[in-house]
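Remarks on the overall topology
What follows is each chain in one-letter form.
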Amino acid sequence: MMTDNYILGIETSCDETAASIVKNGTEIISNVVASQIVSQKRFGGVVPEIASRHHVEQITLVIEEALAEAGLLPGQLDAVAVTEGPGLVGALLIGVNAAKAFAFANGLPIVGVHHIAGHIYANELMQPMEFPLLALIVSGGHTELVLMERHGSFKLIGETRDDAAGEAYDKVARVLGLPYPGGPQIDRLAAESDAEIPFPRAWLEPDSYDFSFSGLKSSVINYKHNLEQRGEQINPAHVAAGFQASVVEVLTTKALKAAKEYKVKQVIAAGGVAANKGLRASLEMAFHQEEIPFYVPPIALCTDNAAMIAAAGSAMFVDGIRGNLAMNGKPGMPLTSWNQ
Ligand code: KG4
Ligand code: ZN
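Structural notes, computed from the coordinates. Keep in mind it's a predicted model, so treat the numbers as computed, not measured. (Residues numbered from 1 in each chain as written. Chains lettered and ligands numbered in written order. Predicted model: local features only at pLDDT ≥ 70, side-chain atom pairs only at ≥ 80, totals over all residues. Heavy atoms only, no water.)

Quick look at the coordination of the zinc ion (ligand 2)
Taken together, the protein ligands of the zinc ion (ligand 2) are His 115 (NE2), His 119 (NE2) and Asp 304 (OD), with distances of 2.0 to 2.1 Å. On the basis of relative accessibility, which here comes to 1%, the residue His 119 falls in the buried class. (Donors = N, O, S within 2.8 Å, 3.2 Å for Na, K, Ca; no water. Buried < 20%, exposed > 50% of the residue type's maximum accessible area, 1.4 Å probe, protein only.)

Below you can see the structure in the form of structure tokens.
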């Protein structure tokens, strides 16, 4: 008989200090996120040293709160799952060391989770995965199409050749004078806009599932400079709408093509940019038309959180994957399969 498992997830790879307890990899018991956005806003982005300092201040409180909210004692947990990489090295180290100390003190096994596996497994908190599955991962650091044939199996079929989608959002937002993080700001402006400036789409080679966003970013910068040289002002909403239309059309078209080619049973979106209203609507419509089941988690589970790390950690734990106390933060960790 299968017994229930309770996993404590810990996430500190970027600017959210988060801890969560998840039951059986599917049910959120508690989910605590301490965001640093307010203090990072002053600098227009994430300053690694400041991120690390915040994590140190918050991590113990956040873990205690996750336990208190769940009404569980450490002894009632089955394992600790922590983001091992990729991310900012100093930030990762805080989470990994907290997880190791907690695991050691309470005699619990530890599982090291890849941040992107976490974003993908956020979907398991909503509905069971069905394979083959296509995941579109769009975050501040990643833009990837990943094919999963079973749990714990990841095949990269396309990725960005330059900027990640979220990175492009944040950079274009900065050009438009919008505060950090730029994604939600552009999303809002684009939704309000009554017109859009046409910007190019980077399709790359016809059979490629790769992405490129740096050319689009340059087009926006050039457009702004050209207008300024003529003494004119840009309309930020029109630019935001045009930029977003380009990103959304390329992401939707490539994801749809891949879903058909690999005859997947389910498509999921993951990562911070999956919070984008325009992208969600476009993907929902495209997959609905093709009658391919498409899911995207609620916004709070798209952006960084620890419930997703606990969910992925639970799947690894059930498959017998264990880390050890020699574990370290891995800033450039590749997404490898734990089930071949
Ligand atoms: O997954 P995430 O929270 O952190 C990383 O792992 O990178 O993603 C953060 C990224 C940022 O670039 C942010 O601007 C973007 O997600 N983002 C959005 C939206 N909300 C967050 N981008 C577009 N539209 C949004 N609504
Ligand atoms: Zn993330």
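Let's talk about the sheet that holds strand E1 (residues 6-11)
Across the sheet, 5 strands lie side by side as E3-E2-E1-E4-E5; this open sheet has mixed pairing. With partners counted over all chains shown, the strands left at the sheet margins are strand E3 (27-35) and strand E5 (110-114), one partner each. Across the sheet, the mean angle separating the axes of adjacent strands is 20° when strand polarity is ignored. In this structure, strand E4 (residues 79-85) lies alongside E5, joined through 5 bridges in parallel fashion. (Pairing = 2+ DSSP bridges. Helix = DSSP H or I, 4+ residues; strand = E, 2+ residues; numbered from the N terminus. Axes fitted to C-alpha atoms, helices over the stretch in contact; angles between N-to-C directions.)

Topic: the packing of aromatic side chains
One pass over the structure, following the stated rule, counts 7 aromatic pairs. Between Tyr 169 and Phe 243, the ring centres sit 4.9 Å apart and the planes meet at 85°, which makes this aromatic pair edge-to-face. Placement of Tyr 169 in helix H5 (residues 165-175) and of Phe 243 in helix H8 (residues 236-261) is noted, with a sequence separation of 74 residues between them. In this structure Phe 243 comes out as buried when scored by relative accessible area, which is 0%. Here Phe 211 and Phe 213 contribute two aromatic rings whose centre-to-centre distance is 6.2 Å and whose plane-to-plane angle is 10°, an arrangement assigned as stacked. Classification of Phe 211 as buried rests on a relative accessible area of 0%. Through pairs of rings, three or more aromatic residues link up here, namely Tyr 121, Phe 154 and Trp 338. (Phe/Tyr/Trp six-rings, centres within 6.5 Å; stacked < 30°, edge-to-face > 60°.)

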